[in-house]
Amino acid sequence: MTITSQSLQGMQSGFNALFNKAYTEAAPQYEKVAMTVPSSGSDETYGWLGQLPALREWIGEREIHNLTATGYTIKNKDYELTISVGRNDIADDKIGIYSPLFQEMGVSAKMHPDELIFSLFAAGFSNICYDGAPFFSNEHPLTESGKNFQSNMGTLKLSTQSYEAARSQMMTLKGESGKSLKIIPDLLVVSPQKEAVARQILFADLIAGSANVNKNTSDLLVVPELADTPECWFLLSTRRAIKPFIFQMREKPRFISKVQDGDDNVFFQNAFLYGCNARYNAGYGLWQLAFGSTGSDSPDTLSRQGTESSEQGGGDE
């Protein structure tokens, strides 16, 4: 094959088409748990986090909600993927062997936000959110004074009982006004190792011979990225305008190339470079819309600890 500017242009168009087709057809899961927010700068500050305003009776003047009470900021990051195609392979008409790579590049570009978003789940037991507490914490301040706290975390392994307790805990959360936030959990998120347990809880007709009262109370999302923390599980509320996590989009992935004879890679390495780059990041939204459990304790363990504490307390009286 004779390499000309026209043939290079045609080849680039072909690789670009493969990339775009695969990118369009890939189906990431992050959109189920995160809201996509456009970004216009190097970072974005979410001053409105913590605000779930509700209507009130209008008595006297309007009550103005302060949307700059927090300073939670997400900084955009750059990401790239580059493939080298040997000039001799093009001259020898072996372009076809690279086609699957450009398809995978498109898939990788579309699926990469999954990696960012779902890495936030297990890290949420230590990463700080907008109110200064870890995203999953027992010490989320109910008011600015910090005297009252609410929780969106647990330690129990996934079971019918722990699922019911988490669901109840989310539905009883209150806002600063002391009124219910009306949160209804609808998505159970688990590792691949816990898929069978989760399906039993959510979809079985009977559990231990009795009707399953939890059947279809939530959808199920099995996340491969959680395989390294198999015991952790999460319950989310995802059907509101605001979601538990934020995917911040600054620049969508785009296909680029370096194929000119004067480019260093062609001159020194006798290779053409094709790649994609993007700019975005992910962060935490409202903790009230998510419950997380480390799965480190079983109900039996906590029962024994409670009994021991009670016995010790009785001896001190």
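Residues numbered from 1 in each chain as written. Predicted model: local features only at pLDDT ≥ 70, side-chain atom pairs only at ≥ 80, totals over all residues. Heavy atoms only, no water.

1. A look at the overall build of the chain
Applied cut-off: Secondary structure elements follow DSSP: runs of H or I no shorter than four residues count as helices, runs of E no shorter than two count as strands, and numbering proceeds from the N terminus. Per-residue accessibility, obtained with a 1.4 Å probe over protein chains only, is compared with the maximum for each type, and a residue is labelled buried under 20%, exposed over 50%, and partly exposed between these values. Residue contacts follow a heavy-atom distance rule, with two residues in contact if any of their heavy atoms lie within 4.5 Å. Here the Shrake-Rupley method, with its probe set to 1.4 Å, supplies the accessible areas, and only the displayed protein chains count as covering residues.
Of the regular secondary structure elements, the chain holds 7 helices and 15 strands. Scored against the burial criterion, the 317 residues of the chain give a buried share of 42%. A fraction of 75% describes how many contacts in the chain between residues 6 or more apart in sequence connect residues 24 or more apart. With the model as given, the accessible surface of the chain reaches about 17,000 Å², and the carbon-plus-sulfur share is 50%.

2. Re the environment of Trp287
Selection rule: We define a polar contact as two N or O atoms separated by no more than 3.5 Å, with the added condition that, inside protein, one atom must be a possible hydrogen donor and the other a possible acceptor, whereas residues neighbouring each other in sequence contribute only through side-chain atom pairs.
One can find Trp287 in the loop between strand 14 (271-284) and strand 15 (290-297). When the C-alpha atoms of Trp287 and Lys243 are compared, they prove to be 9.3 Å apart, with 44 residues separating the residues in sequence. Sequence-distant contacts of Trp287, defined by excluding residues within four places in its chain, comprise Cys129, Tyr130, Asp131, Phe135, His140, Gln150, Asn152 and Leu173. Of note is the side chain of Trp287, whose polar atom sits 3.2 Å from the side chain of Asp131.

3. A few points about the sheet that holds strand 15
Basically, it comes down to this: Two strands form a pair only when DSSP identifies at least two bridges running between them. Simply put, an axis is a line fit to the C-alpha atoms, just over the touching stretch for a helix, and the angle between two N-to-C directions goes from 0 to 180 degrees.
One open sheet holds the 5 strands; their spatial order is 7-15-12-8-11, and the pairing between them is mixed. The open sheet has two free edges, formed respectively by strand 7 (153-156) and strand 11 (219-222), since each of these has just one partner strand. Going from strand to strand, the sheet's axes swing by 20° on average, the running direction of each strand aside. In this structure, strand 12 (residues 233-236) lies alongside strand 15, joined through 4 bridges in antiparallel fashion. Bridge pairing in strand 15 links Leu235 to Phe291. In the packing of helix 4 (residues 160-171) onto the sheet, the strands contacted are strand 7, strand 8 (187-190), strand 12 and strand 15, and the crossing angle to strand 12 comes to about 40°.

4. Comments concerning the sheet that holds strand 14
Sheet strands pair by backbone hydrogen bonding; their relative direction is either parallel or antiparallel. With respect to topology, 4 strands assemble into an open sheet ordered 1-13-14-4, the strand pairing being mixed. If you trace the sheet from one side to the other, it starts and ends with strand 1 (34-38) and strand 4 (77-86), each paired once. Put simply, the sheet's adjacent strands are angled 30° from each other on average, direction ignored. Each of strand 13 (245-258) and strand 14 is contacted by helix 1 (residues 5-25), which is oriented at about 160° to strand 13, the strand it contacts most. Against the sheet, helix 3 (residues 99-123) touches strand 1, strand 4, strand 13 and strand 14, its axis set at about 25° to strand 14.

5. Some thoughts on the packing of aromatic side chains
The criterion, for reference: Ring geometry is summarised as follows: Phe, Tyr and Trp rings, the Trp one being its six-membered ring, pair when their centres sit within 6.5 Å, and such pairs are stacked at plane angles under 30 degrees, edge-to-face over 60 and tilted between the two. Whether a charge sits over a ring comes down to the Lys NZ or Arg CZ being within 6 Å of the ring centre and within 35 degrees of the ring normal.
Applying the stated criterion to the full structure yields 23 aromatic pairs. On the basis of an interplanar angle of 25° and a centroid distance of 6.2 Å, the ring pair of Phe255 and Tyr274 is categorised as stacked. Of this pair, Phe255 sits in strand 13 while Tyr274 sits in strand 14, and the two are 19 residues apart along the sequence. The same class applies to Phe255 and to Tyr274, which are both buried. Ring geometry for Phe267 against Phe268: centres 5.0 Å apart, planes inclined by 85°, an arrangement best described as edge-to-face. Classification of Phe267 by relative accessible area gives exposed; the value is 60%. Classification of Phe268 by relative accessible area gives exposed; the value is 63%. Cluster of aromatic residues (ring-pair linked, three or more members): Phe118, Phe121, Phe125, Phe135, Phe136, Phe234, Phe245 and Tyr284. The ring of Tyr23 is capped by Lys110, whose NZ or CZ atom sits 5.0 Å from the centre of that ring.

6. Some thoughts on the side chain of Gln248
Mapped onto the elements, Gln248 comes out in strand 13. A polar contact is formed between the side chain of Gln248 and the side chain of Tyr46, at a distance of 2.6 Å. Engagement of the side chain of Gln248 in a polar contact is seen with the side chain of Asn76, the distance being 2.9 Å. Excluding anything up to four places from it in sequence, Gln248 contacts Val37, Ser39, Asp43, Glu44, Tyr46, Ile74, Lys75, Asn76, Tyr280 and Asn281.

7. With respect to unusual backbone geometry
Not every positive phi belongs to a glycine, and Lys182 is a case in point at roughly 60°. With respect to the helices and strands, the residue Lys182 is situated in the loop between helix 4 and strand 8. Using a relative accessible area of 65% as the deciding quantity, one classes Lys182 as exposed. The phi angle at Asn216 is positive, at roughly 65°, despite the residue not being glycine. Looking at the element boundaries, Asn216 is found in the loop between strand 10 (210-211) and strand 11. Look at Asn216 and you get exposed, because its relative accessible area is 54%.

8. Some points on the pattern of salt bridges
Going by this rule: For this analysis, a salt bridge means a side-chain nitrogen from Lys or Arg found within 4 Å of a carboxyl oxygen belonging to Asp or Glu.
For the structure on display, the rule yields 8 salt bridges. Note that Asp186 is salt-bridged to Arg239, the shortest N-O span being 4.0 Å. Note that Asp186 is positioned in the loop between helix 4 and strand 8 and Arg239 in the loop between strand 12 and strand 13, a separation of 53 residues in sequence. Of the residues examined, Asp186 reaches a relative accessible area of 5% and is grouped as buried.

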